[in-house]
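Now for the letters of each chain:
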Amino acid sequence: MQQIDCPWCGKRNETEFSCGGELISRPQDALGADDKAWTDYLYFRTNTKGVHTEVWRHTFGCRQWFKAERNTLTHQVVNTRKLSEETGEGHGDHG
Amino acid sequence: MDSYSLFSLVKHALSGHKNWQPAWRSPKLKPHYDVVIAGAGGHGLATAYYLAKKHGITKVAVLEKGWLGGGNTGRNTQAIRSNYFYPEATEFFDHSLKLYENLSQELNYNIMLSQRGTLTLAHSERELEGLQRWVTAIQINGVDSEFLTPAEIKELAPVIDISKNARFPIAGGFIQRRGGIARHDAVAWSYARGADALGVDIIQNCAVTGLDIRNNKIQGVKTAQGTIGCERVGLTVAGHTSVLAEMAGFQVPVTSMALQAMVTEPMKPFLNTMIASPVVHVYMHQSDRGELVFGGGADTGNSYAQRGSVPILEENARAILELFPCVSRMKLMRQWAGIVDVTPDTMPVIGKTPVDGLYINGGWGTGGFKAIPAGGDTLACTIARDKPHSLIEKFSLERFRSGELVNEAASSGVAH
Ligand SMILES: Cc1cc2nc3c(=O)[nH]c(=O)nc-3n(C[C@H](O)[C@H](O)[C@H](O)COP(=O)(O)OP(=O)(O)OC[C@H]3O[C@@H](n4cnc5c(N)ncnc54)[C@H](O)[C@@H]3O)c2cc1C
Ligand SMILES: [Zn+2]
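Residues numbered from 1 in each chain as written. Chains lettered and ligands numbered in written order. Predicted model: local features only at pLDDT ≥ 70, side-chain atom pairs only at ≥ 80, totals over all residues. Heavy atoms only, no water.

The next subject is the site of ligand 1. Residue and element names in this part refer to chain B. Around ligand 1 there are 36 residues in total, and E64, N72, T73, T77 and K370 lie nearest to it. Within the contact set of ligand 1, an oxygen atom lies 2.6 Å away from a side-chain nitrogen or oxygen of E64. With respect to ligand 1, the side chain of T77 contributes an N or O atom lying 2.7 Å from an oxygen atom. The protein chains hide 96% of the 1000 Å² of surface that ligand 1 would expose on its own. Put simply, the parts of the chain that give the shell around ligand 1 at least two residues each are helix 2 (42-55), strand 12 (255-264) and strand 16 (332-342). Among the elements that make up the shell around ligand 1, the one with the highest residue count is strand 12 (three residues). A per-class count over the shell around ligand 1 returns 13 nonpolar, 19 polar and four charged. Of the residues that make up the shell around ligand 1, three or more belong to each of domain 1 (24-78 + 184-253 + 345-411) and domain 2 (115-180 + 255-342). (Near = heavy atom within 4 Å. Polar contact = N/O pair within 3.5 Å; in protein donor to acceptor, adjacent residues only side chain to side chain. Areas by Shrake-Rupley, 256 points an atom, 1.4 Å probe, with all protein chains shown as cover. Helix = DSSP H or I, 4+ residues; strand = E, 2+ residues; numbered from the N terminus. Nonpolar A, V, L, I, M, F, W, Y, C, P; charged D, E, K, R; others polar. Domains from an automatic or database assignment.)

Moving on, we get to the pairing of strand 13 (residues 274-277) of chain B. Each regular strand carries side chains that alternate between the two faces of the sheet. All names here are of chain B. Judged by which residues are buried, strand 13 turns out to be covered on both faces: M274 and A276 on one side and I275 and S277 on the other are all buried. Judged from the three bridges that link them, strand 4 (residues 118-122) and strand 13 form a sheet pairing that is parallel. Residue pairing across strands places L119 opposite I275, the latter belonging to strand 13. Pairing of strand 13 with strand 14 (residues 282-286) involves three bridges; the strand directions are antiparallel. Across the sheet, I275 pairs through a bridge with M284, a residue of strand 14. Counting the residues that bridge the hairpin from strand 13 to strand 14 gives four residues, and of these H281 lies at a positive phi of roughly 65°. (Buried < 20%, exposed > 50% of the residue type's maximum accessible area, 1.4 Å probe, protein only. Pairing = 2+ DSSP bridges.)

Okay, the pairing of strand 2 (residues 60-63) of chain B next. All names here are of chain B. Burial along strand 2 is two-sided: V60 and V62 and A61 and L63, pointing in opposite directions, are all buried. Of the crossover connections in this fold, the one passing from strand 1 (residues 32-38) over helix 2 to the parallel strand 2 is right-handed. As judged from the three bridges shared by strand 2 and strand 8 (residues 201-203), these two strands associate in the parallel manner. In the strand pairing of strand 8, L63 is matched with I203. (Right-handed = clockwise from strand over helix to strand, strands pointing away.)

Another aspect to go through is the pattern of salt bridges. For the structure on display, the rule yields 23 salt bridges over all chains. One salt bridge connects R70 of chain A with E54 of chain A, and the closest N-O pair in it is separated by 2.8 Å. Here R70 of chain A is found in strand 5 (residues 65-71), whereas its partner E54 of chain A is found in strand 4 (residues 51-57), with 16 residues between them in sequence. In this structure, R70 of chain A and E54 of chain A share a single accessibility class: buried. The closest approach of N and O atoms between K98 of chain B and D94 of chain B, which form a salt bridge, is 3.5 Å. You can see K98 of chain B and its partner D94 of chain B sitting in helix 3 (residues 87-101), four residues apart, about one turn around the helix. In this structure D94 of chain B comes out as buried when scored by relative accessible area, which is 6%. (Salt bridge = Lys/Arg side-chain N within 4 Å of Asp/Glu carboxyl O.)

Bringing the domain arrangement of chain B into the picture now. By a widely used convention, the size of an interface equals the accessible area lost when the partners come together. Residues and elements named next belong to chain B. Per the domain assignment, the segments making up chain B are domain 1 (24-78 + 184-253 + 345-411) and domain 2 (115-180 + 255-342). Here the C-alpha centroids of domain 1 and domain 2 sit 30 Å apart. Taken together, the contacts link 19 residues of domain 1 with 19 residues of domain 2. When domain 1 packs against domain 2, the two sides together hide about 1400 Å² of surface, and 52% of this comes from carbon and sulfur. The largest contributions to the domain 1 side of the interface with domain 2 come from R75, T77 and G239, which together make up 41% of the buried area. Inspection of the domain 1/domain 2 interface yields zero salt bridges. Where domain 1 packs against domain 2, one counts 11 residue pairs in polar contact (both at pLDDT 80 or more). Elements that contribute at least two residues to the side of domain 1 that touches domain 2 include exactly helix 8 (241-247) and helix 12 (409-412). (Contact = heavy atoms within 4.5 Å. Buried area = accessible area lost by both parts, 1.4 Å probe.)

On to helix 10 (residues 372-385) of chain B. Since the α-helix packs 3.6 residues into each turn, any two residues three or four apart lie on the same face. Residues and elements named next belong to chain B. Compared with the 20 Å implied by 1.5 Å per residue over 14 residues, the 20 Å span of helix 10 between its first and last C-alpha is a close match. A large share of helix 10 lies buried, amounting to 12 of its 14 residues. What helix 10 keeps buried is the set I372, P373, A374, G375, G376, D377, T378, L379, A380, C381, T382 and I383. The first or second residue beyond helix 10 is D386, which carries a positive phi of 55°. (Expected span 1.5 Å × (residues − 1).)

This is how it looks when you write it as structure tokens:
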């Protein structure tokens, strides 16, 4: 069983977590955004092969959402961070 | 090409089966082709076959990163059906089923199509109402589907517990009798052999590593064996759709995920139909070898790893036991996964792309084995005429910009 490092709780079994998919951000100017910006946000994804930035939730734990960098080819979680932390050391293996 | 028949079997038996010809050549990559297809799964091979057969385009190469049929086409659980909800989906998948019904004859290759029926179960009154609506929609779309009572289900598949005490009691179900399974490898091999006989070059161990695009038009393809020129390119790479689209500078709304399946040890005939339960989220059939083949949900999160995680394996096994407690002492023999590219509405992305001369066939997600003949037929037509075939107009990449999604999430529900 793989363990994922929750930025709030530390290492826990992967079955406690749910993946919320690729980290995306909502168009800031909701009224000004055109159809392309909205459909990009709704449907289009990088779906990266390699290190992919995602949001995860510690569903059966603290229930917090957090950011994770995960290699989609090896499943290794390289880094986890609180959503509010833009930079910094983060958590995880730094692989 | 050797024609396969009882006569040829007898003839070769007399010489100890030592003189069979390989089913396809292993040609060298040529410097130029009219059409290059990336990915030798069922969809790529079928596209090449129909390009040559129906459109007379024979200067075609199918380039495969690994070995032909080694992707999802050789990893799926073989369910074939056309019982979708919306007319555009039903029409497309029924076209596919009709092509499957004649494929062994057309390609002179036994694909072992077994129309044993696909049965979908309901476990509550509310679910039954949903199912009845679905059955009616399928019938209105002109495809066979029949509602079944618990007693009729018991008669069809005695192994199902229809008692009130069952963990998931059976409220009813529906069957598409023309649905069933076909041998997945044989589908890839038969199209490969058919395409090869018409002059198509199938090149294995030859990954596409880049696309040569100038003035927004395809000029050629970079491959592991060198750069070649071509007029048109078809992408049929399933889980790698995003990777290839990125080479061409655009995105496709797909998520690549690991979908796993597993088989038990073989046993005597036990189940003569394909059974799926959307609520328990699992499906199962018995292979001709006697193994129980089953699968359920995909693994969480994006993946390119081609292996399934243990927690999801346990989840799928648990689901099977809740539906069929009687198989609890069967041993699991093998488990594996393929990388499927799932779209937001679970329907494919097939047709033209923003680049001239570049066509796409992907987004089949968890259910594109049943679509192989129609996916190949319609993509070949689209490449030949540079205009989407009428059956796939609704499945363009454009629909995610215009908002005309075809949401079949419910009828694609359990991943098969
Ligand atoms: C466990 C499982 C169960 C399934 N069950 C069912 C089912 O019951 N019924 C059903 O209808 N569908 C099912 N599916 C889905 C079905 O298998 C797929 O939708 C279908 O096989 C897709 O065919 P394809 O030809 O597009 O892809 P594939 O067969 O995956 O072929 C794509 C090929 O592209 C190659 N490729 C990738 N990148 C490159 C590159 N850069 N250059 C060259 N080649 C490349 C790959 O190696 C691969 O061989 C299942 C899938 C899985 C994984
Ligand atoms: Zn936590």
